[in-house]
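Below, each chain spelled out in residue letters.
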Amino acid sequence: MRIAVLMKQVPDTDEVKMDPERGTMIRDGAGGIVDPLDLNALEAAMQIRKDGDTVTILSMGPPQAEESLREGLSLGADRVVLATDRAFAGSDTWATSKVLVAMLEKIGADLILAGEKSTDGETGQVGPEVAALLGIPIETRVTRLERVGDEPAIEVDCTLEEGILTQRVQLPCVATVLSDINVPPLSTLAGKKRAYSQEPEVVTAESLSLDPGEVGLEASPTRVVRIDRPKITRAAEKFLAKHDEELEAGLNRIVEILSDCAL
Amino acid sequence: MSQPKFVDEVWVLGEAGADGTLIPAVFELSGRARELADALASSTGRPHGVTVLLTLDGRTADRADPGEAGPYGADRVWVVSAEFLPFDRAACAKILVHLAKAGRPQIILAPATAFGRSVMPYAAALLGTGLTADCTGLSIERESGLLLQTRPATGGNIMATIKTPDHRPQMATVRPKAFGVPKPTPGRNVSVVTPDLPEYLKENLQKGTVRTVKFSRFAEDEGTLQDREVIVSGGKGLRRPEGFELLSKLSSLLGAGIGASRPVVEMKWIGYPHQVGLSGCIVSPRVYIALGISGAVQHLAGMQTAEKIVSVNRDPEAQIFSVSDVAICGDLYEVLPKLIEKIESRKLESGKLESAKRSRT
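Just so it is clear, the model here is predicted, and its values are computed rather than measured.

1. Quick word on the overall build of chain A
On a plain count of helices and strands, chain A comes out with seven helices and 15 strands. For chain A, the C-alpha atoms occupy an extent of roughly 70 × 45 × 40 Å along the three principal directions. Across the 263 residues that make up chain A, the buried fraction comes to 51%. Restricting to contacts in chain A with at least 6 residues of sequence separation, those with at least 24 account for 68%.

This is the structure:
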């Protein structure tokens, strides 16, 4: 089975602090990391892989993304292919999907895995869009993934709003995963050595035979036309619990707020 | 009933819940679509219709009342049903695409649910058009007649307004409860029809590549967090998984849902459906009570639009305090039992009051 894992480099939001006045992320000093759910997708691939299977990581991003993608190699992926090109800048999800599909068509894949959504864009659209462009089924919010014997099929559990959906899907298909699916391991020293003994492969619009007019901002149907920064800071009434009277006053405020709807 | 004819339309992709009835977001979006259609009508001088497409599960389709969308603004409701159909996202998308190619709507909206967030991007890619995820604001730009799609971005701290200038339809998924369900207008004309589908699509529905094995519903109390008026949420400050027992004592007193921050879900103290934040679910309850949650950006983005936010944290510098209305700085194991006690005595009081009232009448 040829498994492809779609990966995205995102800003490390755990390191990011918020500017309370402007309500924006202070990105300075925050490094790039692999989107956490994409590591769950990779781990799902590692768990079902058998001898003879291949696991390839595909990504689109700036050249610096190479560094974070090495984590994928250290965790056992066979190859990393990064599509990087100035022509790709400003891509929306549709334009991104086109590039990923061009890569997938080139390398060939039976099962395509990805995180359900990224922590920065958080649209969750690339997985279904890739599936649509390839004309294959999509499963989203996957929290269990298994092979069905030797059949070219998988069985998945999808955690939906009201329950767990169990489905069998013929390959090829795309599945996007939630963090519940597994616990990605940390990379080992041996893994890190392996990651640095190998270079991520780089592809461009040209090597993917994509016309610059079909990719990037120009090919993106959507346009961001305005950015607003709503101030999210609220003037909190603060109460220190170590002072009994303050605690009492604070608890009374909470009960007051709750009495409007829950009491 | 004659079928209304409109050249220009706004469409809604609707859905039913596990019990078979239409989810409230269908009425909410029918109302919003109506407003957008009216705005388009006033800017173009042509009447715009609202069509709702329902792709229902054949097992429960008879429990849905498609005409119910009428009083909220729909002129026409299309119903397609087949066993497990909504779970075959690609099949639903292909039906939508087939109808949209013939009907050429200006706009297609869907709730940003698991269903909408899978079917809409699939359909948008097939239609070669743009899609904006998780919108919280929608309006028509006066001069251009274009749909302005506003969504929280970069961790929910920025509101981005997005347009689809040159591609049709303009598509958006909309966060449920972003607008609220409007007042229904009883007696509005609505036609419920089964659209004609080509043979290849019907065949596809019967022997697709996706087969549903089963659907196991959550127990009532595990229900969707997004629908709760009050959410009590716990984080690392609970210090041990048993902390959720104390927390659930409070939540059951309040009839509240239980939320959690990412770290405690990752430590498996509680299941994923409870995770609030960017990588979990985004909630907007009337009251959000954050207990032992420091307030990482990724969590704040999932709850900062709550009407009131109450937090308890030991760290006086905790980020969560900056988005709180009431902040108690202290150990939650000291604060929480006292809060529970207060609420219990309050309930007892009002209970006595209630029964006194009842005995008087």
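2. A few points about the sheet that holds strand β8 (residues 158-163) of chain B
Pairing in this open sheet of four strands is antiparallel, and the strands run β14(A)-β8(B)-β7(B)-β6(B) from one edge to the other. The open sheet has two edge strands, β14 (223-228) of chain A together with β6 (137-140) of chain B, and neither has a second partner. The mean angle between the axes of side-by-side strands here comes to 25°, regardless of whether they run parallel or antiparallel. As paired elements, β14 of chain A and β8 of chain B share five bridges and run antiparallel to each other. Residue pairing in the sheet places Asp228 of chain A in a bridge with Met159 of chain B of β8 of chain B.

3. Quick look at helix α3 (residues 114-127) of chain B
Residue and element names in this part refer to chain B. With 14 residues, α3 ought to run about 20 Å at 1.5 Å a step, and its terminal C-alpha atoms sit 20 Å apart, in line with that. Within α3, 14 of the 14 residues are buried, which leaves the element mostly enclosed by the surrounding structure. Immediately beyond the C-terminal end of α3, within one or two residues, lies Gly128, with a positive phi of roughly 65°.

4. With respect to the domain arrangement of chain B
Interface size, as often reported, equals the accessible area lost upon joining of the parts. Residues and elements named next belong to chain B. Under the domain assignment, chain B is made up of domain 1 (8-206) and domain 2 (220-360). Of the residues lining the interface, five residues belong to domain 1; the matching set on domain 2 comes to nine residues. Partitioned by chemical class, the residues of the side of domain 1 that touches domain 2 number one nonpolar, two polar and two charged.

5. What about the domain arrangement of chain A?
Domain parsing of chain A yields domain 1 (2-219) and domain 2 (233-263). On a C-alpha basis, the centroid separation for the pair domain 1 of chain A and domain 2 of chain A is 44 Å.

6. Points about the interface of chain B and chain A
Contact residues are listed per partner, giving 82 residues for chain B and 77 residues for chain A. Counted by class, the side of chain B that touches chain A contains 41 nonpolar, 24 polar and 17 charged residues. With seven bridges connecting them, strand β11 (residues 163-170) of chain A and strand β11 (residues 210-217) of chain B associate as antiparallel partners. Among the inter-strand pairings, Leu165 of chain A is bridged to a residue of β11 of chain B, identified as Phe215 of chain B.

7. Considering the sheet that holds strand β12 (residues 173-177) of chain A
Overall, mixed pairing links the 10 strands, which are arranged β13(A)-β7(A)-β6(A)-β1(A)-β8(A)-β12(A)-β9(A)-β10(A)-β11(A)-β11(B) in an open sheet. At either margin of the open sheet sits one strand with a lone partner, and together these are β13 (201-203) of chain A together with β11 of chain B. Each adjacent strand pair in this sheet contributes to an overall mean axis angle of 30°, direction not counted. Bridge count for strand β1 (residues 2-7) of chain A against strand β8 (residues 111-115) of chain A is four bridges, and the pairing is parallel. Within β8 of chain A, the position partnered with Val5 of chain A by the bridge is Leu113 of chain A. Against the sheet, helix α4 (residues 126-134) of chain A touches β1, β8, β9 (138-147) and β12 of chain A, its axis set at about 85° to β9 of chain A.

8. Observations regarding the packing of helix α2 (residues 89-103) of chain B against α3 of chain B
Residue and element names in this part refer to chain B. Relative orientation of the contacting elements α2 and α3 amounts to 45°, with a least axis distance of 8 Å. Accordingly, the angle class assigned to the pair α2 and α3 is oblique. Here the hand of the crossing between α2 and α3 comes out right-handed. Counting all contacts with α2, which are made through Arg89, Ala90, Cys92, Ala93, Leu96, Val97 and Ala100, the residues of α3 involved are Ser118, Val119, Tyr122, Ala123, Leu126 and Leu127.

Criteria and thresholds
Residues numbered from 1 in each chain as written. Chains lettered and ligands numbered in written order. Predicted model: local features only at pLDDT ≥ 70, side-chain atom pairs only at ≥ 80, totals over all residues. Helix = DSSP H or I, 4+ residues; strand = E, 2+ residues; numbered from the N terminus. Buried ≥ 20, exposed ≤ 12 C-beta atoms within 10 Å, placed from the backbone. Contact = placed C-beta atoms within 7 Å. Pairing = 2+ DSSP bridges. Axes fitted to C-alpha atoms, helices over the stretch in contact; angles between N-to-C directions. Expected span 1.5 Å × (residues − 1). Domains from an automatic or database assignment. Nonpolar A, V, L, I, M, F, W, Y, C, P; charged D, E, K, R; others polar. Parallel < 35°, antiparallel > 145°, perpendicular 65-115°, else oblique. Left-handed = near helix turned anticlockwise from the far one by under 90°.

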